[in-house]
Amino acid sequence: MGTEARAGSAPDGDKGPTPPMLYLTRKIGESVVINDEIEVTVVDIRGKSIKLGFTFPETATVLRREIYERIQEENRAAAAGSQALAEAFRGKPSQSDAPAPAEGPARAAPEPKD
């Protein structure tokens, strides 16, 4: 079949352990199918560069790793900013904490009698 598959862990620098990784050997024109929906095909190999072709459902999101990581970082920063903003407002009364107006029509205090 020409496919070599082995499970292992790839080094990940200082980011900690990575989940197990499946290694495959494919030739130009050969493919891998993932979850019956995604097909990855080796289109071209030139030196150390490999061109891959992807077929996937329109609902799938496909991002390069560096773009995905940048989006995740921006999401974490936005969440931290939202939390800081919420904490800043915790010390201030919200509209629901303000005293409710007296019910009924406003009345003037009676004038003192001489």
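For the structure, see preceding data.
Just so it is clear, the structure is predicted and the values come from calculations on it, not from any experiment.

> Go over the overall build of the protein chain, please, and point to the residues and values.
On a plain count of helices and strands, the protein chain comes out with one helix and five strands. Helices (α) and strands (β) of the protein chain occur, in sequence order from the N terminus, as β-β-β-β-β-α. Across the 114 residues of the protein chain, 4% fall into the buried class. For the protein chain, the proportion of contacts with a sequence separation of at least 24, taken over those separated by at least 6, is 5%. Element-wise, carbon and sulfur atoms account for 55% of the exposed surface of the protein chain, whose accessible area totals about 10700 Å².

> I'd love a proper account of the sheet that holds strand β3 (residues 31–34), names of residues and values included.
Sheet architecture is open: three strands sit in the order β3-β4-β5, paired in antiparallel fashion. Looking at which strands have only one partner, the edges of the open sheet turn out to be β3 and β5 (49–55). Going across the sheet, the axis of each strand differs from the next one's by a mean of 25 degrees, ignoring polarity. The pairing of strand β4 (residues 38–46) with β5 spans seven bridges and is classified as antiparallel. The residue of β5 that forms the bridge with V40 is F54.

> Kindly report on the pairing of β3, identifying the contributing residues and their values.
The pairing of β3 with β4 spans four bridges and is classified as antiparallel. When the bridges of β4 are listed, V32 appears paired with V40. Count of turn residues in the β3/β4 antiparallel hairpin: three residues, of which N35 carries a positive phi of about 50 degrees.

> Let's hear about the layout of surface pockets: which residues, and what values?
Roughly 290 Å³ of volume is contained in the second largest pocket. What lines the second largest pocket is simply I38, V40, F54, T61, V62, L63, R64, R65 and Y68. At the level of secondary structure, the elements contributing two or more residues to the lining of the second largest pocket comprise β4 and α1 (65–90).

> Explain the pattern of salt bridges to me, and be specific about the residues and the numbers.
On inspection of all chains with the given rule, the structure shows four salt bridges. Put simply, E30 and R26 hold a salt bridge, and the shortest N to O gap is 3.2 Å. In this structure E30 comes out as partly exposed when scored by relative accessible area, which is 22%.

Parameters and conventions
- Residues numbered from 1 in each chain as written.
- Predicted model: local features only at pLDDT ≥ 70, side-chain atom pairs only at ≥ 80, totals over all residues.
- Heavy atoms only, no water.
- Helix = DSSP H or I, 4+ residues; strand = E, 2+ residues; numbered from the N terminus.
- Buried < 20%, exposed > 50% of the residue type's maximum accessible area, 1.4 Å probe, protein only.
- Contact = heavy atoms within 4.5 Å.
- Areas by Shrake-Rupley, 256 points an atom, 1.4 Å probe, with all protein chains shown as cover.
- Pairing = 2+ DSSP bridges.
- Axes fitted to C-alpha atoms, helices over the stretch in contact; angles between N-to-C directions.
- 1 Å grid on protein atoms, 1.4 Å probe; cavity = no way out; pocket = protein on both sides within 12 Å on 5 of 7 lines; lining within 4 Å.
- Points joined across faces, edges and corners; volume = space filled by probe spheres on them.
- Salt bridge = Lys/Arg side-chain N within 4 Å of Asp/Glu carboxyl O.

Honestly, that's just the spatial picture; any functional story needs more than this.
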